[in-house]
Amino acid sequence: FTADRYPNLERDSRYKQLDAEDVAYFKSVISSPAGVITADNPEELDSFNEDWMRKYKGRSTLVLRPKTSAEVSAILRYCNEKSLAVVPQGGNTGLVGGSIPVHDEIVLSTQLLNQIRHFDEVSGILTAEAGCVLEVLDNWLAEKGYMMPLDLGAKGSCQIGGNVAANAGGLRLLRYGSLHGTVLSLEVVLADGTIMELGKPLRKDNTGYDLKQLFIGSEGTLGLITSVSILTPRRSKAVNVAVLGVESFEAVQETFKRAKGDLSEILSAFEFFDRQSFNLVLRHVQGAREPFDTQTPFYVLIETSGSNKDHDDEKLATFLESVLGDEVVADGVLAQDSTQAAAFWRMREGIPEACQTEGGNYKYDLSVPVPQLYSIVEKMREKLGSGGQYKEDGSGPVKNIIGFGHMGDGNLHLNITTSGYSEQLDKAIEPYVYEIVEENAGSISAEHGLGLMKAPYLSYSKSNEMIESMKRIKNVFDPKGILNPYKYFPTSK
Ligand code: FAD
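As the structure is a prediction and not an experimental result, all values here were calculated from the model. (Residues numbered from 1 in each chain as written. Predicted model: local features only at pLDDT ≥ 70, side-chain atom pairs only at ≥ 80, totals over all residues.)

Colleague: Would you mind going over the packing of helix H9 (residues 249-263) against helix H11 (residues 309-325) with me for this structure?
Modeller: Any two packed helices are characterised by how steeply their axes cross, that is the angle between the axes, and by the distance between the axes. One way to put it is that H9 packs onto H11 with a least axis distance of 10 Å and a crossing angle of 145 degrees. Here H9 runs over H11; the crossing is right-handed. Residues Thr-255, Arg-258, Ala-259, Asp-262 and Leu-263 of H9 form the contact with H11, whose own contacting residues are Lys-315, Leu-316, Thr-318, Phe-319, Ser-322 and Val-323. (Axes fitted to C-alpha atoms, helices over the stretch in contact; angles between N-to-C directions. Helix = DSSP H or I, 4+ residues; strand = E, 2+ residues; numbered from the N terminus. Left-handed = near helix turned anticlockwise from the far one by under 90°. Contact = placed C-beta atoms within 7 Å.)

Right, here's the structure in full:
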């Protein structure tokens, strides 16, 4: 998809076109020789213009990589004065086209803003710059007996600033809650270059509006997050992973209820995926194997984390015995060591990657009350089947319609893999998918955010009054609208 495919997204003439004088200014304020990437280096530039899904492509001719908040401040102050549009970019793993330019916006990358500023080993409070890669932080904390409170399939590339800007959820949310709870304070640079501390790295601070909450999930529209203070939990000494085969979505729900009851405080993840998702993993993920002799329509991955291995092993064994004995689940296997546990996680985490290998991939990340979660996948199969796009043997333009996700959070990932992207398919899928979510009192974005992809459909989840309030808030922090234009706010329903 390029901007040409979005007829409403003509270049806004309020924004100045970049010239040589601007580039010379940026070179003068950025300390790292690798901090300015121009069209002289087209290959490097290209990777900042394209998103992870290879679905969206921008036309920026300039990437800036500051090393300090002061450099970010000098860049934004200048852009604001000159009305140069900017797109903040972290690891560029976002799945809604939010991190790439639409036209010629300057890419402001946090790649070199990657120092750990402070860690308190008593409270577990970590202060790290926005460009620190999530997995790097998690490994660094592991040596101190701590861990990051969030984990995602993109951990090797996504950055903590991007995680906070996108309000990422992921695999540990069930246990440690959302970033709205774990992020304690932020340092941000506003559009006019002002550097602001939003709160302090304290667990309790009840003094006035909690402005950092506005920046969590703001997707680069309010300011650039330069540093994050976050509460990190102790790393669990005992971790167990089990995979279960389940005959129906009703039984998946029953398994979840039983897991919450029987495993309670040690339950740290409850993920589900359907057989069609797993078929893609078997096809595309190296080393993936059937866990059982017999196939089932659904699979569940359960993780427990605690401090006493004997206690956790016993609890999990009792739970497995009970759900197998009562025929709630058809099959179950417990990882015998950390290598097998990692292989089980790969069955679930390999799904997005496997979908990418198929060709086109329409990705929808939806929140729906748990009992209705899987009906969204079934309705989509019916709709595209009756329209002739989807044939179960995979011979139509739509090859697979699959459902997986964070069951514990009521979060479905509906993925529709296709032979390519087309306007006909766009129209067959959208807005239908958002209509069924609205009918089920759900949210059109559970954790991936709005970006370019979902901005036009915001009114399926938010009232006009709320959207107007959001616009007023945007205007307070970025009155000239230079930050991440064309995204986040709808132009029409
Ligand atoms: P980017 O993609 O670079 O940016 C995301 C948004 O934030 C953009 O709008 C960008 O403009 C803005 N932004 C980035 N950095 C800053 C900053 N410092 N200040 C202000 N704005 C900024 N997401 C989930 O929630 N849960 C998952 O389980 C999950 N799994 C994933 C698995 C895979 C394989 C992939 C590819 C993605 C997955 N994602 C998931 C989506 C994505 O990884 C997350 O949204 C991630 O948090 C984005 O971080 P990033 O550093 O790549 O940000």
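Here the narrative resumes.
Colleague: Would you take a moment to explain the sheet that holds strand S15 (residues 398-406) for this structure?
Modeller: Note on sheets: strands pair through backbone hydrogen bonds, and any given pair is parallel or antiparallel. Within the open sheet, the seven strands sit side by side as S13-S10-S12-S11-S15-S16-S14. Their pairing is antiparallel. Either end of the sheet is taken by a strand with one partner, and the two such strands are strand S13 (331-334) and strand S14 (360-367). Taken over all neighbouring pairs, the strand axes of this sheet differ in orientation by 15 degrees on average, direction set aside. Sheet topology places S15 next to strand S16 (residues 411-418); eight bridges connect them, and they run antiparallel. The residue bridging Gly-405 from the neighbouring strand is Leu-412, located in S16. Against the sheet, helix H12 (residues 338-349) makes contact with strand S10 (238-246), strand S11 (267-274) and strand S12 (298-306), and its axis sits at roughly 50 degrees relative to S10, the strand it touches most. (Pairing = 2+ DSSP bridges.)

Colleague: It is not clear to me how the sheet that holds strand S1 (residues 36-38) should be interpreted in this structure. Could you clarify?
Modeller: A sheet is described by the order of its strands in space; here four strands give the open sequence S1-S2-S4-S3, paired in mixed fashion. Each having just a single partner strand, S1 and strand S3 (86-89) make up the two edges of the open sheet. Averaged over all adjacent pairs, the angle separating strand axes in this sheet is 20 degrees, with direction ignored. Of the pairings in the sheet, the one linking strand S2 (residues 62-64) to strand S4 (residues 106-109) comprises two bridges and is parallel in character. From the neighbouring strand, Leu-64 faces S4, where its bridge partner is Leu-108.

Colleague: Just to check I follow, could you spell out the domain arrangement of the protein chain for this structure?
Modeller: In many reports, interface size means the accessible area that the parts give up when they come together. Examined at the domain level, the protein chain breaks down into domain 1 (1-235), domain 2 (238-351) and domain 3 (358-449). Taking the mean C-alpha position of each, domain 1 and domain 3 sit 29 Å from one another. At the junction of the two partners, domain 1 supplies 15 residues and domain 3 supplies eleven residues. For the side of domain 1 that touches domain 3, the residue count by class is eight nonpolar, five polar and two charged. (Domains from an automatic or database assignment. Nonpolar A, V, L, I, M, F, W, Y, C, P; charged D, E, K, R; others polar.)

Colleague: How do you make sense of H12 when you look at a structure like this?
Modeller: Count 3.6 residues to each turn of an α-helix, and residues three or four apart come out pointing the same way. With twelve residues, H12 extends 16 Å from end C-alpha to end C-alpha; this agrees with the ideal 16 Å at 1.5 Å per step. Listed as buried for H12 are Phe-344, Trp-345, Met-347, Arg-348 and Glu-349. Check the buried side of H12 and you find it contacts S10, S11, helix H10 (275-284), S12 and helix H13 (351-357). (Expected span 1.5 Å × (residues − 1). Buried ≥ 20, exposed ≤ 12 C-beta atoms within 10 Å, placed from the backbone.)

Colleague: Hey, could you run me through the packing of helix H14 (residues 375-386) against helix H16 (residues 432-439) in this one?
Modeller: Running from amino to carboxyl end, H14 crosses H16 at an angle of 140 degrees, the nearest separation of the two axes being 11 Å. Taken as a pair, H14 and H16 cross one another with a handedness that is right-handed. Residues Ile-376, Lys-379, Met-380 and Lys-383 of H14 form the contact with H16, whose participating residues are Tyr-432, Val-433, Ile-436 and Val-437. The class makeup of the residues in the contact of H14 with H16 is six nonpolar, no polar and two charged.

Colleague: Would you mind showing me how to read the pairing of strand S5 (residues 116-120) here?
Modeller: Regular strands show a simple pattern: their side chains alternate between the two faces of the sheet. Alignment of S5 against strand S6 (residues 125-129), held across four bridges, turns out to be antiparallel. Bridge assignment links Ile-116 to a residue of S6, and that residue is Ala-128. Here S5 folds back onto S6, and the loop between the two strands holds four residues, one of which, Gly-124, carries a positive phi near 80 degrees.

Colleague: Whenever I open this one, the site of the ligand confuses me. Can you help?
Modeller: Not every one of the 36 residues close to the ligand is listed here, only the nearest: Gly-90, Gly-94, Gly-98, Gly-161 and Gly-162. Mapped onto the shell around the ligand, the elements with two or more residues apiece are S3, helix H5 (160-166) and strand S9 (223-231). Considering each element in turn, the shell around the ligand owes the most residues, five residues, to H5. Residue classes in the shell around the ligand are distributed as 14 nonpolar, 20 polar and two charged. (Near = placed C-beta within 6 Å.)

Colleague: For this particular structure, what's the right way to read H9?
Modeller: The terminal C-alpha atoms of H9 lie 20 Å apart, and with 15 residues this matches the ideal 21 Å at 1.5 Å per residue to within 8%. Within the sequence span of H9, burial applies to Phe-249, Ala-251, Val-252, Thr-255, Ala-259 and Leu-263. Taken end-on, H9 shows its buried residues confined to a sector of 145 degrees, consistent with a single buried face. In H9, the exposed positions that point more than 90 degrees away from the buried face belong to Lys-257 and Gly-261. Lining the buried residues of H9 we find S10, S11, S12 and H11. Where H9 ends, the next residue or the one after it, Ser-264, has phi of about 25 degrees, a positive value. (Arc of directions from axis to C-beta.)

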